[in-house]
Amino acid sequence: MLVSFSVSNFRSFGEEQTLNMIASNKLTEHPNHLHPIDKTGKSILRAAVIYGANAAGKSNLVKAMSFAQNLIGGDERRLRVNDAFRFRSDLMTSPMSFEFRFLIQDRVFIYGFDVSGRGIKSEWLSVLEGSDEVLVFERMEDGSATLGEVLNETFPDDESIAQTLKLLAQLKLTRHQLLLNRVSTLPEETQGATLKSVTKWLTQDLIILNPDYRATDILDRLSDDDYLRKLAEAFLEKVGTGISGLDLVEEELPLEDLPGSNLKRYFPGRFRSDGLDDIRPKPDDPTRAIARRLLAKHPVGTISTLLPFSEESDGTKQLLHLMPLLAAGNLSTKVFVIDELDRSLHPLICWEFIRLFSETATGARKQLIVTTHEAHLLNQELLRRDEYWFVEKGPDQQSRLVPLSEYKIRNDLQIEKSYLQGRFGAIPVIGSMAEIENLLDDGKKGM
């Protein structure tokens, strides 16, 4: 689970800002939204909803997570783009900085790095022991690395961690490669349990979805997972899409029936349209193909009509592609970060999606972090006050993160109304429209 994420000198974030998922001990509402951290007396929140005006920096926070994750995965091309904060000369020549704190089993790890277009400046991994940070490794700008002195004592159940890191430290890294990326390139059996779990959390368990996200494997999931299919059917029906069920149909085709000019488009992979239909080679017969299509059942009286799901509204498609997030149950350790959850979705559907994620599968180690403009979700019946965050850009063009829990408000306050009135900031400041009205009037005269 994500404990916190800090970023500085990236796009609209100048000075360091932190999204902190540690619950406030002063709040008692929605106790099922919490996951306790063993032996600390603290808990992690299962949700965070982030608000801000257009261009305030909400999406830049998501982009910062994505940037860091891509670099950990080995995508060094990102370093060629100047993403540093551009409104202060001292920051333009300083490195960008990213740090994740996250919970694996019952231990909190701290991983981060400083980077510029010229390469990695520093990189670090440590683990919390009580209130102390115990070093696992620290990578230097020249590609060398310093290892923790008590690795075997810190990880008594992982005999390979010290040896693996010692071997990796003997070979200097390129200036653009993270040490953790080099770890991920090793065969899994040689990584050791600790390093394997750290790289897995940062590259697989942290799932970042952009506004036009589509699950390219949704047909496979619906075909193989009866629970997901039943959940999707029930949810789509209950939220009024007009759909009562789903059908996945397959058709076998000879290759000559496919357009010859498009054969390379279909093979050796597959053709996708929103992930809702595809064509793939037949495994045991290379002269034939399997075409699959997802159909939606629309009942009218006692008769149901089947329509291609690809013809459904954008919002209905988006809901289907988000169903695997809800289906992630008690054993899930995923952190889902969604930029613009409300894209094409009705406010009431957004509400139910967040409510179901937060309040079902109690005790699950899964989290939902979303950005949105939908003020209807600002309601203490839905989430705790420390699960709401505001991003505001100041006169210095820097984005700053502030939790709602920093404001002294009553338990019964209508926070949606207060937000729209500007009490918490993070809304557009709209000036006089007189000049715009004059321009529009002048434009009419010239027509």
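Preceding this paragraph is the structure being described.
Remember, predicted model here, so these are calculated numbers, not experimental data.

## Digging into the packing of helix H9 (residues 226-238) against helix H11 (residues 314-327)
- Between H9 and H11, the shortest axis-to-axis distance is 9 Å and the interhelical angle comes to 130°. When the axis of H9 is compared with that of H11, the two are oblique. The element H9 and its partner H11 pack so that their crossing is right-handed. Between H9, through Tyr227, Leu228, Leu231, Ala232, Phe235 and Leu236, and H11, the contact on the second element is made entirely by Thr316, Leu319, Leu320, Met323, Pro324, Leu326 and Ala327.
- Here the contact of H9 with H11 is built from residues that sort into 12 nonpolar, 1 polar and no charged.

## Observations regarding the side chain of Thr164
- On the secondary structure map, Thr164 appears in helix H4 (residues 161-169).
- In terms of polar contacts, Thr164 uses its side chain to reach the backbone carbonyl oxygen of Thr190, at 3.1 Å.
- Setting aside its immediate chain neighbours within four residues, Thr164 contacts Leu186, Thr190, Gln191 and Leu195.

## So, H11
- End to end, H11 covers 21 Å across 14 residues, agreeing with the expected 20 Å (1.5 Å per residue, within 8%).
- Maximal helix bending in H11 amounts to about 35°, located at His321; proline Pro324 follows within four positions.
- Summarising burial for H11: 13 of the 14 residues are buried, a large majority.

## Considerations on the nonpolar core
- Grouped together as the largest cluster of nonpolar side chains are 66 residues, with contacts concentrated most on Phe98, Phe100 and Tyr111.
- With 8 residues, helix H1 (residues 58-72) is the largest single contributor of residues to this core.
- If sequence neighbours within four positions are ignored, Phe100 has contacts with Leu2, Ser4, Phe5, Met65, Ala68, Phe109, Ile110, Tyr111, Trp201, Leu202 and Leu206.
- Formed by 51 residues, the second largest nonpolar core is a distinct cluster that contains Leu319, Leu326, Ala328 and Leu382.

## Overview of the packing of aromatic side chains
- Per the counting criterion, the structure on display carries 15 aromatic pairs.
- Ring plane angle 55° and centroid distance 5.5 Å describe the contact between Phe85 and Phe87, whose orientation is recorded as tilted.
- Of the residues examined, Phe85 reaches a relative accessible area of 0% and is grouped as buried.
- Each ring, one from Phe100 and one from Trp201, has its centre 6.4 Å from the other, and the planes form 70°; the classification is edge-to-face. Of this pair, Phe100 sits in strand S6 (residues 96-104) while Trp201 sits in helix H7 (residues 193-205), placing them 101 residues apart in sequence.
- Every member of this aromatic cluster is reached through a ring pair, and the members are Phe5, Phe100, Phe102, Phe109, Phe155 and Trp201.
- Over the ring of Phe357 we find Lys366; its NZ or CZ atom is 4.6 Å from the centre of that ring.

## Considerations on the packing of H11 against helix H12 (residues 347-359)
- Contact pair H11 / H12: the axes reach a minimum separation of 10 Å and the direction vectors enclose 20°. Regarding the angle of H11 to H12, the classification is roughly parallel. Two packed elements cross with a definite hand, and for H11 against H12 that hand is right-handed. Judged by residue contacts, Leu319, Leu322, Met323, Leu325 and Leu326 of H11 engage Ile349, Phe353, Leu356 and Phe357 from H12.
- When the residues that make up the contact of H11 with H12 are grouped by side-chain class, the tally is 9 nonpolar, no polar and no charged.

## Re the pairing of strand S14 (residues 277-282)
- With 6 bridges joining them, S14 and strand S15 (residues 285-300) adopt antiparallel strand pairing. The partner of Arg280 across the bridge, within S15, is Ile290.
- Counting the residues between successive antiparallel strands, the hairpin from S14 to S15 contains 2 residues.

## Let's talk about unusual backbone geometry
- Of note, Asn9 is a non-glycine position whose phi angle comes to about 55°, a positive value.
- A positive phi angle, close to 50°, is found at His30, a residue other than glycine.

## A word on the pattern of salt bridges
- Per the stated rule, a full pass over the model turns up 27 salt bridges.
- Taking the shortest distance from any N to any O, the salt bridge between Glu29 and Arg385 comes out at 3.3 Å. In this pair, Glu29 sits in the loop between strand S2 (17-20) and strand S3 (34-37) while Arg385 sits in the loop between strand S18 (367-371) and strand S19 (388-393), placing the two residues 356 residues apart along the sequence.
- Its salt-bridge partner being Arg355, residue Glu352 comes within 2.8 Å of it at the nearest N-O pair. Here Arg355 and Glu352 lie together in helix H12, a separation of 3 residues that amounts to about one turn.
- A relative accessible area of 28% places Glu352 in the partly exposed class.
- By relative accessible area, which is 29% here, Arg355 ends up partly exposed.
- The network of salt bridges with shared partners includes Asp220, Asp278, Arg280 and Arg292.

What counts and what doesn't
Residues numbered from 1 in each chain as written. Predicted model: local features only at pLDDT ≥ 70, side-chain atom pairs only at ≥ 80, totals over all residues. Heavy atoms only, no water. Axes fitted to C-alpha atoms, helices over the stretch in contact; angles between N-to-C directions. Helix = DSSP H or I, 4+ residues; strand = E, 2+ residues; numbered from the N terminus. Parallel < 35°, antiparallel > 145°, perpendicular 65-115°, else oblique. Left-handed = near helix turned anticlockwise from the far one by under 90°. Contact = heavy atoms within 4.5 Å. Nonpolar A, V, L, I, M, F, W, Y, C, P; charged D, E, K, R; others polar. Polar contact = N/O pair within 3.5 Å; in protein donor to acceptor, adjacent residues only side chain to side chain. Expected span 1.5 Å × (residues − 1). Bend = angle between axes of the 7 residues up to and from the residue. Buried < 20%, exposed > 50% of the residue type's maximum accessible area, 1.4 Å probe, protein only. Core = buried A, V, L, I, M, F, W, Y, C linked by side-chain atoms within 4.5 Å. Phe/Tyr/Trp six-rings, centres within 6.5 Å; stacked < 30°, edge-to-face > 60°. Lys NZ or Arg CZ within 6 Å of the ring centre and 35° of its normal. Pairing = 2+ DSSP bridges. Salt bridge = Lys/Arg side-chain N within 4 Å of Asp/Glu carboxyl O.

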